[in-house]
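# Reading the structure
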Amino acid sequence: MSPTISSSLCTVAALSGRPGRRAGQPGGNKRAVAQPLAAAAVTEAPPAVIAPPPRPVIGAPRRRGGRGVDGGPDELVAWKSIRQERWEGALEVEGKLPTWLDGTYLRNGPGLWDLGDYGFRHLFDGYATLVRVSFRDGRAVGAHRQIESEAYKAARRHGKVCYREFSEVPKPDSFKSFVGQLASLFSGNSLTDNSNTGVVRLGDGRVLCLTETVKGSIVVNPDTLDTVSKFEYEDKLGGLIHSAHPIVTDTEFWTLIPDLIRPGYVVARMDAGSNERQFVGRMDCRGGPAPGWVHSFPVTENYVVVPEMPLRYCAANLLRAEPTPLYKFQWHLESGSYMHVMCKASGKIVASVEVPPFVTFHFINAYEEKDEEGRVTAIIADCCEHNADTSILDNLRLHNLRAFTGEDVLTDARVGRFRIPLDGSPFGELEAALDPEEHGRGMDMCSINPAHLGKEYRYAYACGARRPCNFPNTLTKIDLVEKTAKNWHEEGAVPSEPYFVARPGAVEEDDGVAISMVSAKDGSGYALVLDAKSFKEIARAKFPYGLPYGLHCCWVPRDK
Ligand SMILES: CC1=C(/C=C/C(C)=C/C=C/C(C)=C/C=C/C=C(C)/C=C/C=O)C(C)(C)CCC1
Ligand SMILES: [Fe+2]
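Residues numbered from 1 in each chain as written. Chains lettered and ligands numbered in written order. Predicted model: local features only at pLDDT ≥ 70, side-chain atom pairs only at ≥ 80, totals over all residues. Heavy atoms only, no water.

For the record of the protein, the UniProt heading Sequence similarities (unreviewed entry) holds the text "Belongs to the carotenoid oxygenase family." (UniProt positions renumbered as here; feature names shortened; annotations may be inferred.)

### Observations concerning the pattern of salt bridges
Summed over the entire model, instances satisfying the criterion amount to 36 salt bridges. In this structure, arginine 145 engages aspartate 226 in a salt bridge whose closest nitrogen and oxygen atoms are separated by 2.2 Å. A residue pair is termed long-range when its members are at least 10 positions apart, and arginine 145 in strand E8 (residues 139-146) and aspartate 226 in the loop between strand E11 (218-220) and strand E12 (227-230) qualify at 81 residues. Exposure remark for arginine 145: the relative accessible area of 6% places this residue in the buried category. The closest approach of N and O atoms between lysine 521 and glutamate 491, which form a salt bridge, is 3.1 Å. One end of the pair, lysine 521, is in the loop between strand E32 (512-519) and strand E33 (525-531); the other, glutamate 491, is in the loop between strand E29 (484-489) and strand E30 (494-495), with 30 residues separating them in the sequence. One network of salt bridges, with partners in common, ties together Asp408, Asp412, Glu437, Arg441 and Arg467. (Salt bridge = Lys/Arg side-chain N within 4 Å of Asp/Glu carboxyl O. Helix = DSSP H or I, 4+ residues; strand = E, 2+ residues; numbered from the N terminus. Buried < 20%, exposed > 50% of the residue type's maximum accessible area, 1.4 Å probe, protein only.)

### Some words on the packing of aromatic side chains
Each aromatic ring pair is described using two quantities: the centre-to-centre distance and the angle formed by the ring planes. Throughout the structure, instances matching the rule amount to 22 aromatic pairs. Geometrically, the ring pair formed by phenylalanine 231 and tyrosine 233 is edge-to-face, given 4.9 Å between the ring centres and 65° between the ring planes. Judged by relative accessible area, tyrosine 233 falls into the buried class, the value being 12%. Relative to phenylalanine 329, the ring of tyrosine 313 lies with its centre 5.4 Å away and its plane at 50°, an arrangement referred to as tilted. Placement of the pair is tyrosine 313 in strand E18 (residues 311-313) and phenylalanine 329 in strand E19 (residues 329-331), with a sequence separation of 16 residues. In this pair, the class of tyrosine 313 matches that of phenylalanine 329, namely buried. When the ring centre of tyrosine 459 is taken as origin, the NZ or CZ atom of lysine 477, which lies over that ring, is 4.3 Å away. The ring centre of tyrosine 526 lies 4.1 Å from the NZ or CZ of arginine 540, which sits over that ring. (Phe/Tyr/Trp six-rings, centres within 6.5 Å; stacked < 30°, edge-to-face > 60°. Lys NZ or Arg CZ within 6 Å of the ring centre and 35° of its normal.)

### Quick look at the coordination of the iron ion (ligand 2)
Coordination sphere of the iron ion (ligand 2), protein contribution only: His245 (NE2), His295 (NE2), His362 (NE2) and His552 (NE2), at 2.0 to 2.1 Å. Viewed at the metal, the four donor atoms of the iron ion (ligand 2) are separated by angles of 92 to 164°, and the geometry they form is irregular. Written as a sequence motif, the donor arrangement for the iron ion (ligand 2) is H-x49-H-x66-H-x189-H. Of this pair, histidine 295 sits in the loop between strand E16 (278-284) and strand E17 (303-308) while histidine 552 sits in the loop between strand E34 (537-543) and strand E35 (553-557), and the two are 257 residues apart along the sequence. (Donors = N, O, S within 2.8 Å, 3.2 Å for Na, K, Ca; no water. Tetrahedral: all angles 85-135°; square planar, octahedral: opposite > 155°, others 65-115°.)

### Section: the sheet that holds E16
Taken in spatial order, the four strands line up as E13-E14-E15-E16 in an open sheet, and their pairing is antiparallel. On the outer flanks of this sheet lie strand E13 (247-248) and E16, each paired with one strand and no other. Relative to strand E15 (residues 264-271), strand E14 (residues 252-259) is paired through eight bridges, and the arrangement is antiparallel. Looking at the pairing, glutamate 252 lines up with aspartate 271 of E15. (Pairing = 2+ DSSP bridges.)

Below you can see the structure in the form of structure tokens.
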């Protein structure tokens, strides 16, 4: 499983230590592979030809969100579909990559937002594109590949959406097929397995791409980016949807399964090496007709935190053919907002408090607050919080992302810090952990040093904002002790989640690098490596083509 730079598609340049050149240039990536996108069957064996990145067609026909690939020059490469199914080659490195950086960075995300001339609506609808950068001896090899989910393969085969995506639904050909679709919705058959959200390395070395549907857990090969198989959960827990962000360590995997029938959440854990989730406990919802959306959740050393936000799943919206302003969800302010704490060992609820309304997709971390005697007094849980405003979902419609006019339209976000007392008090607190101006009032797509997972920590890395903007356009390092931020910005660039990788042998929490993939203003794309301490650029490894925006990442060390 360990990633290897000298894989089958590796270039001469990578092996010889020469910096890679652009595909198509003399001496460049001779074995770079390109497959133009068309509504055709997915070809397994890639042709050994060079296809330079296609030039954008200005003024191409548009339907709905328009064709991301053929947008005008005003459209950033971040929101354009990737035009070839796969590629691999040496990357040109500017600066000096640390020689200790030895392994593979993987990033998942929705990189393909159109089929033929039909453009998708929402960022989260796109078919999953996996990007890889393997670092070794100060050199870098990059690759990308579409994940071959059933949803993607069917869309390629038929030239249309065949499964229910985040906002796109298949258009029934007839009343009979409409009825069939409704029936299959209840069985989960019509839900997508387009695993376009997260990528995690399990304790046993398997690499899993994930989305919110349980069936959308897909095993990939981190070297070749091949889609290996579906990850089948071999248990009776069922559930059609789950949190897109399980908590993964070297020994275990924690997940949260919302129960839409009897509103509540099931907490389950799975040992590394197993496919069998085990029931740990259940929390019934305290408010609303359905569970709150749980895109992610945090854990401490001894507890699982179950958030119940007023943005709740909505069965009726799941069935609708046309999306509502909140897609599959509904805002129930009257239902209250809660944070529940479950003991990992017993599955018992040890706290359930009402908190101010909140909207979050990503929890950053959580830990146990202790008194002088070492007794746990409260749970502290931090998240990227959108000031209880759901309009971030609208911000992320592709039309809005592609139509930046210079107006400051990105809604404000902050590091929301919950304090959940364990003394039986009915209320918890929610406040900004630092002045949001420190990070331009933009805050999402976070990572921490994984050694601090569930423990007290000082630093978080995330995307922030330099205003005016319509999307987070900076990388930010948050110091939760000093309550300050260091920010990285490049004009017109769209950086994705900065992922922290510790230097081997590091003692200090921020001794390492933060890696982000950047979609640049000039249409190019590169992996940016920042020194995590100073938050200054050390190096960039440039792809010979532009990269679409992506969501979450993981790190696969070489010798694990
Ligand atoms: C496919 C179905 C669903 C899918 C839900 C998905 C794919 C949800 C993905 C959510 C993501 C990627 C959230 C990321 C948030 C990032 C933010 C807010 C960044 C902000 C930047 O400032 C369901 C909806 C679960 C229904 C079944 C079908
Ligand atoms: Fe996420």
